[in-house]
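Analysis of the macromolecular model
Residues per chain are reported as follows:
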Amino acid sequence: MRITSLTRYPVKSLGGESLEAVDVVLRGLAGDRSWYVQTEDGRIGSAKSSRRFGRVGGLLDLAATTGPAGPVVTFPDGAVHPVGTPDADAALAAHTGQPVRFAAEDDTSTFDAGPVHLLTASALRRLADAVGEEVDGRRFRANVLLDDLLPGREDLPPEEAWRTLRLGPEVVLRVEGLMPRCVMVTMATRDLPADRRVLRAVHATAGGSLGVWATVVQPGRVAAGDEVRVGT
């Protein structure tokens, strides 16, 4: 099994950036979800609403990348602003129509389940069979996409049996559980249209979860193409 792609989301709930290689620290991919959108009442801005999350429209229309001094956000009109500046906060409030601002992660984690989120090609294949066409993996906002459909690897245990993963020569992850899915996987983004079939298919084929989440046991550096070894 190998790493097909790596993705970092510098600002939670915004579009992310594809990486050829990245450092993995105890917190997860370096710089992943290190900032978030803060609502007026102090919750984490999201496309969903709960005790922890506050619904903020338009976040999936924005994209965040990592600049020399921190994340920068690109707005639909092409404007680019570094987070943590008055101009960025003003543009964000104007775009969303709410009194929100960018905030750096503090003692409250921005992760939904855990630090590293992984998804396999076989899981996407099963989902595509249920939907009737290919499902873009970007809907699931995974950090690591794994190719487990390589010839000769039919002996790999299913995701729910994974206990540890070694990514490349250095990084070791402990798999903590399956990744539950919500309505966000159906929503339109900068690059993808809305598709309600996706969440129905996740529930029909995988009981409402897709992919796994993991914590970091041994930090290091990983790259696209690295071999991944499974421990059970």
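Note that the coordinates shown come from a computational prediction; the quantities given were computed from them, not determined experimentally. (Residues numbered from 1 in each chain as written. Predicted model: local features only at pLDDT ≥ 70, side-chain atom pairs only at ≥ 80, totals over all residues. Heavy atoms only, no water.)

**A closer look at the nonpolar core**
Core analysis: the biggest nonpolar cluster contains 23 residues, and Leu118, Leu165, Leu167 and Leu173 have the highest contact counts within it. When contributions to this core are tallied by element, the ones reaching two or more residues are β1 (2-8), β3 (21-25), β12 (116-120), β13 (144-147), β14 (164-167), β15 (171-180) and β16 (209-218). With residues up to four places along the chain from it excluded, the contact list for Leu118 reads Ala142, Val144, Leu146, Leu165, Leu173, Gly211, Val212 and Ala214. (Core = buried A, V, L, I, M, F, W, Y, C linked by side-chain atoms within 4.5 Å. Buried < 20%, exposed > 50% of the residue type's maximum accessible area, 1.4 Å probe, protein only. Helix = DSSP H or I, 4+ residues; strand = E, 2+ residues; numbered from the N terminus. Contact = heavy atoms within 4.5 Å.)

**Regarding helix α1 (residues 86-96)**
Looking only at α1, the buried set comprises Ala88, Asp89, Leu92 and Thr96. All buried residues of α1 fall inside an arc of 95 degrees around its axis, so they share one side. Exposed residues pointing more than 90 degrees away from the buried face of α1 are listed as Pro86, Asp87 and Ala94. As for α1, its buried residues are in contact with β5 (35-38), β10 (80-82) and β11 (101-104). (Arc of directions from axis to C-beta.)

**What to know about unusual backbone geometry**
Phi is positive for Arg33, close to 50 degrees, though the residue is something other than glycine. Note on placement: Arg33 falls in the loop between β4 (28-29) and β5. Residue Arg33 is classed as buried on the basis of its relative accessible area of 9%. Here the phi dihedral of Arg141 falls at roughly 55 degrees; this positive angle occurs in a residue that is not glycine. Counting through the fold element by element, Arg141 comes out in the loop between α2 (121-131) and β13. Exposure remark for Arg141: the relative accessible area of 15% places this residue in the buried category.

**So, the environment of Leu127**
Of note, Leu127 is situated in helix α2. Remark: the alpha-carbon pair of Leu127 and Thr39, spanning 88 residues in sequence, is separated by 34 Å. With near-sequence residues (within four places) excluded, Leu127 lies in contact with Val135, Phe140, Val198, Ala201, Val202, Thr205 and Leu210.

**Focus on the pattern of salt bridges**
Applying the stated criterion across every chain, the model contains ten salt bridges. A salt bridge links Arg221 to Asp23; its shortest N-O distance comes to 3.0 Å. Residue Arg221 is found in strand β17 (residues 220-223), and its partner Asp23 is found in strand β3; the two are separated by 198 residues along the sequence. Note that Arg138 is salt-bridged to Asp136, the shortest N-O span being 2.9 Å. By relative accessible area, Arg138 is classed as partly exposed at 47%. Put simply, Glu133, Asp195 and Arg197 are held in one network by salt bridges that share partners. (Salt bridge = Lys/Arg side-chain N within 4 Å of Asp/Glu carboxyl O.)

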